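In case you want the letters, here they are:
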Amino acid sequence: MATIPVMARVLPTSRYGCGGDGLVSELSRAQFEHLCEAMKLHSDGHTTGGPAILACWDADRLDLRRAGIRPDPRRLCTSTARQARAIDNAARMALGRRHRP
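Throughout what follows, the structure given in this document is the object of discussion. (Residues numbered from 1 in each chain as written. Predicted model: local features only at pLDDT ≥ 70, side-chain atom pairs only at ≥ 80, totals over all residues. Heavy atoms only, no water.)

Our next topic: the layout of surface pockets. For the second largest pocket, the calculated volume is near 200 Å³. What lines the second largest pocket is a set of 13 residues, among which His42, Gly45, Arg61, Leu64 and Arg75 lie closest to the centre. Its residues placed into classes, the lining of the second largest pocket shows four nonpolar, three polar and six charged. (1 Å grid on protein atoms, 1.4 Å probe; cavity = no way out; pocket = protein on both sides within 12 Å on 5 of 7 lines; lining within 4 Å. Points joined across faces, edges and corners; volume = space filled by probe spheres on them. Nonpolar A, V, L, I, M, F, W, Y, C, P; charged D, E, K, R; others polar.)

A few words now on helix H5 (residues 84-94). Along H5, the residues that are buried comprise Ile87, Asn89, Ala90, Ala91, Arg92 and Ala94. The elements touched by buried residues of H5 are helix H3 (51-62) and helix H4 (79-82). Following H5 by one or two positions, glycine 96 adopts a phi angle in the positive range, close to 80°. (Buried < 20%, exposed > 50% of the residue type's maximum accessible area, 1.4 Å probe, protein only. Helix = DSSP H or I, 4+ residues; strand = E, 2+ residues; numbered from the N terminus. Contact = heavy atoms within 4.5 Å.)

Printed below as a string of structure tokens:
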């Protein structure tokens with residue numbers, strides 16, 4: 001799942017370790033449980049939930065372009081992610097290109 005960079009911005013760090021990639025080094029128990037919930041349900045097509053979970057799901061769906069799939073705006077959770085510019089920029093990043101401001 002391609003959500004760790006987004007989670008690093010959404011969840012502040014605190015006590016529980018979450019891996020060695022350096023992006024998210026510590027989470028509170030509640031934050032860790034939110035992350036686990038997002039991972040557990042990420043492919044079920046949900047579009048409602050808490051802000052951190054929605055960010056996870058949008059990040060994962062916006063990264064589908066790396067697999068040759070254009071994200072369907074109707075399956076994205078937030079109005080920001082549904083914008084054509086956000087989808088296009090995510091596609092560029094997934095394909096290793098710079099995004100447009």
